[in-house]
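Per-entry structural report
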Amino acid sequence: MKSSAVRSTTTTVLAASLVAALALTGCAKSEDDASGDSKAAAGGGDQVVASPSAGTDRTCALDQFGGKKLDLAGATVGFSQSEKEANPFRIAETASIKAEAADRGIKLLTANAQSQFSKQISDVQDLITKGADLLVIAPLNSDGWGPVLRSAAAKKIPIITIDRKINATACKDYVSFIGSDFVEQGSRAADRMIEATGGKGKVAILLGAAGNNVTTERTKGFKDRIKAEAPGLQVVFEQTGEFAREKGQQVTEQLIQSNPDITGIYAENDEMGLGAVNALKSAGKKAGDIKIVTVDGTRNAVQGIVDGWISGVIESNPRFGPLAFQTLDTFTRGEKVSQDIVIQDTAYTPENAKADLGKAY
């Protein structure tokens, strides 16, 4: 059961999300569309906490974590982004953090690791040196955070991780993780694949980058659901596409050479899925010849459903700004927050893709 403080926080976040959703519209730039600004990328449907969300019985407060109360409006927040902002998910994620900080009048320090883990570690150490009172980290990898955690602990700097987890102890090494249920995303992707293929045939998985919980859990959810619900659907190929469109295209080109009778492709993010579409087009395939299911919710992937190339997209909402800063605000006032804040994601299908295209980022 949630504590009353957590129920209060969740209610506040839900209300804020509903108000913001009415005020904002979604249209983010991507690799195909370089237009737009940070406000545009941050717009769209704000995150809503799943109810009930996993882990709501595990909370964290200042008296457990250590440190002192502070006024968030007067604090300096450091934000560490993991990957270059060519991926629409990262564009929208960073834009949301920046927009919320600006709306709250908070001083924000930012850094981008450019997909280099050693750089992300040094980036966060630099944010601490520059005076960050609080840290929001989008981790590239789940392991290897010891140096940062020790530096932050020495100064009692609270850390919130978004999108990916770090392998550390909640309410000791960091305060909270905010993100999706990635196993559930994989399960829902499997459901879409089963529906699209009739539960029969051969399926390939374009794996995300190694070394983080998102890839591991999206894979587990997909495979477990396929095994349980569609024994006639066989996973015959798995290779990383590193969450990148170009790599996803390269892997798919190899795939259709080695497995010309492939029935479906599960891409663990939209960019790899769009790379797969490019490969299929180049090979002379027609829309729908090979069923593709992806995870994210970018505008280009949802358009791919409208155009018939993609069979379904499971949303992974990147608009972390409002929820991340609400969590920091609650925590720094001395109230309890959940150690695991799980957000509620939607899905795009052939039935709703055209009508809901404007909600994509």
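Heads up: these notes are all about the structure in this document. (Residues numbered from 1 in each chain as written. Predicted model: local features only at pLDDT ≥ 70, side-chain atom pairs only at ≥ 80, totals over all residues. Heavy atoms only, no water.)

1. Thoughts on the sheet that holds strand S9 (residues 264-267)
Condition: Strand pairing follows a simple DSSP-based rule, namely that at least 2 bridges must link the two strands. Think of it this way: any DSSP run of H or I at least four residues long counts as a helix, any run of E at least two long counts as a strand, and we number them from the N terminus. Residue contacts are defined here by distance: any two heavy atoms, one from each residue, within 4.5 Å place the two residues in contact. In this analysis, axes come from line fits to C-alpha atoms, helices being fitted only over the stretch in contact, and the angle between any two N-to-C directions falls in the range 0 to 180 degrees.
As summarised here, the arrangement of the 6 strands in space is S8-S7-S9-S10-S11-S14, forming an open sheet in which the pairing is mixed. Two strands close off the open sheet at either side, each with one partner strand: strand S8 (233-240) and strand S14 (347-348). Bridge count for strand S10 (residues 291-296) against strand S11 (residues 312-315) is 4 bridges, and the pairing is parallel. Residue valine 295 lies in a different strand from S11, and its bridge partner there is isoleucine 314. Running at roughly 150° to S11, helix H11 (residues 299-306) makes contact with S10, S11 and S14 of the sheet.

2. Remarks on helix H4 (residues 88-104)
Short version of the rule: By definition here, a helix of n residues has an expected span of 1.5 Å times n minus one. Only protein chains enter the accessibility calculation, which uses a 1.4 Å probe. A residue is then buried if its area is under 20% of the maximum for its type, exposed if over 50%, and partly exposed in between. In protein, a polar contact requires one atom able to donate a hydrogen and another able to accept it; more generally it is a pair of N or O atoms within 3.5 Å, and residues adjacent in sequence count only if both atoms are side-chain atoms.
The terminal C-alpha atoms of H4 lie 24 Å apart, and with 17 residues this matches the ideal 24 Å at 1.5 Å per residue to within 8%. Among the 17 residues that make up H4, 13 are buried, leaving the element largely enclosed by the rest of the structure. Near the N-terminus of H4, the side chain that reaches the backbone nitrogen of phenylalanine 89, with its oxygen 2.9 Å away, is that of asparagine 87.

3. Section: unusual backbone geometry
Positive phi, normally seen in glycine, also occurs at phenylalanine 243, with a value near 60°. Judged by its relative accessible area of 8%, phenylalanine 243 is buried. The phi dihedral of aspartate 296 falls on the positive side, at around 160°, and the residue is not glycine. Along the chain, the position of aspartate 296 falls in strand S10. Aspartate 296 sits in the buried class, given a relative accessible area of 4%.

4. Regarding the packing of aromatic side chains
We count it as follows: Under the pairing criterion, centres of Phe, Tyr and Trp rings, with the six-membered ring standing for Trp, must be within 6.5 Å; the plane angle then separates stacked pairs below 30 degrees from edge-to-face pairs above 60, leaving the rest tilted.
What the rule picks out here adds up to 5 aromatic pairs. Arranged with centres 5.4 Å apart and planes meeting at 80°, the rings of phenylalanine 117 and tryptophan 145 form a pair that is edge-to-face. Linking phenylalanine 117 in helix H5 (residues 117-129) with tryptophan 145 in the loop between strand S4 (134-137) and helix H6 (146-154), this pair joins segments that are 28 residues apart in sequence. For the pair phenylalanine 222 and tyrosine 266, a centre-to-centre distance of 4.1 Å together with 15° between the ring planes defines the contact as stacked. Of this pair, phenylalanine 222 sits in helix H8 (residues 213-229) while tyrosine 266 sits in strand S9, placing them 44 residues apart in sequence.

5. Comments concerning the sheet that holds strand S2 (residues 76-81)
Reading across from one edge, S3-S2-S4-S5-S6-S13 is the order of the 6 strands in this open sheet, with parallel pairing throughout. Of all the strands in the sheet, the pair left with one neighbour each is strand S3 (107-112) and strand S13 (340-342). Here the average twist between neighbouring strands, direction ignored, is 20°.

6. Re the pattern of salt bridges
Operational definition: Here a salt bridge means any side-chain nitrogen of Lys or Arg lying within 4 Å of a carboxyl oxygen belonging to Asp or Glu.
Counted according to the given criterion, the structure contains 21 salt bridges. Here lysine 165 ties to aspartate 340 by a salt bridge, and the two come within 3.1 Å at their closest N and O atoms. A residue pair is termed long-range when its members are at least 10 positions apart, and lysine 165 in the loop between strand S5 (159-162) and strand S6 (176-179) and aspartate 340 in strand S13 qualify at 175 residues. Exposure remark for lysine 165: the relative accessible area of 27% places this residue in the partly exposed category. Among the ionic pairs, arginine 333 bridges to glutamate 335, the shortest N-O distance being 2.6 Å. Judged by its relative accessible area of 29%, glutamate 335 falls in the partly exposed class. Linked by salt bridges that have partners in common, Glu83, Arg90, Glu93, Asp163 and Arg164 make up one network.

7. Digging into the nonpolar core
Heads up, the rule is: Working definition of a nonpolar core: buried Ala, Val, Leu, Ile, Met, Phe, Trp, Tyr and Cys residues. They are joined through side-chain atoms within 4.5 Å.
If you look at the biggest cluster of nonpolar residues, it comprises 49 residues, and the most contacted ones within it are Leu135, Trp145 and Ile310. For this core, the secondary structure elements donating two or more residues are H5, S4, H6, strand S7 (201-207), helix H9 (245-258), S9, helix H10 (270-282) and H11. The residues touching isoleucine 310, leaving out its near neighbours within four places in the chain, are Leu274, Val277, Ile292, Ala301, Gly304 and Ile305. Judged by nonpolar contacts, the second largest core, of 24 residues, contains Phe79, Ala92, Ile97 and Val136.

8. Describing the pairing of S8
Our working definition: Here the term right-handed applies to a crossover when the path leading from its first strand over the helix to its second strand runs clockwise, the strands being oriented away from the viewer.
Strand direction decides the pairing type here: S7 and S8, joined by 7 bridges, are parallel. Residue pairing in the sheet places leucine 206 in a bridge with glutamine 239 of S8. Each parallel crossover has a hand, and the one from S7 via H8 to S8 is right-handed.

9. What to know about the environment of lysine 84
Tracing the sequence through the fold places lysine 84 in the loop between S2 and H4. Separated by 28 residues in sequence, lysine 84 and asparagine 112 place their C-alpha atoms 6.7 Å apart. With residues up to four places along the chain from it excluded, the contact list for lysine 84 reads Arg90, Asn112, Gln114 and Ser115.

10. Points about the packing of helix H7 (residues 182-197) against H8
This is how the line gets drawn: We call two directions roughly parallel when the angle between them is under 35 degrees, roughly antiparallel when it is over 145, roughly perpendicular when it lies between 65 and 115, and oblique otherwise. When the near helix sits turned anticlockwise from the far one by under a right angle, the crossing is termed left-handed; a clockwise turn instead gives a right-handed crossing. Put simply, Ala, Val, Leu, Ile, Met, Phe, Trp, Tyr, Cys and Pro go in the nonpolar bin, Asp, Glu, Lys and Arg in the charged bin, and everything else, Gly too, in the polar bin.
Following both chains from N to C, one finds H7 and H8 inclined at 40°, their axes separated by 7 Å at the closest point. When the axes of H7 and H8 are compared, the pair comes out oblique. For H7 against H8, the interelement crossing comes out right-handed. Contacts between H7 and H8 pair Phe182, Val183, Gln185, Gly186, Ser187, Ala189, Ala190, Asp191, Met193 and Ile194 from the former with Asn213, Val214, Glu217, Arg218, Gly221, Phe222, Arg225, Ile226 and Glu229 from the latter. Taken together, the residues of the contact of H7 with H8 sort by class into 9 nonpolar, 5 polar and 5 charged.

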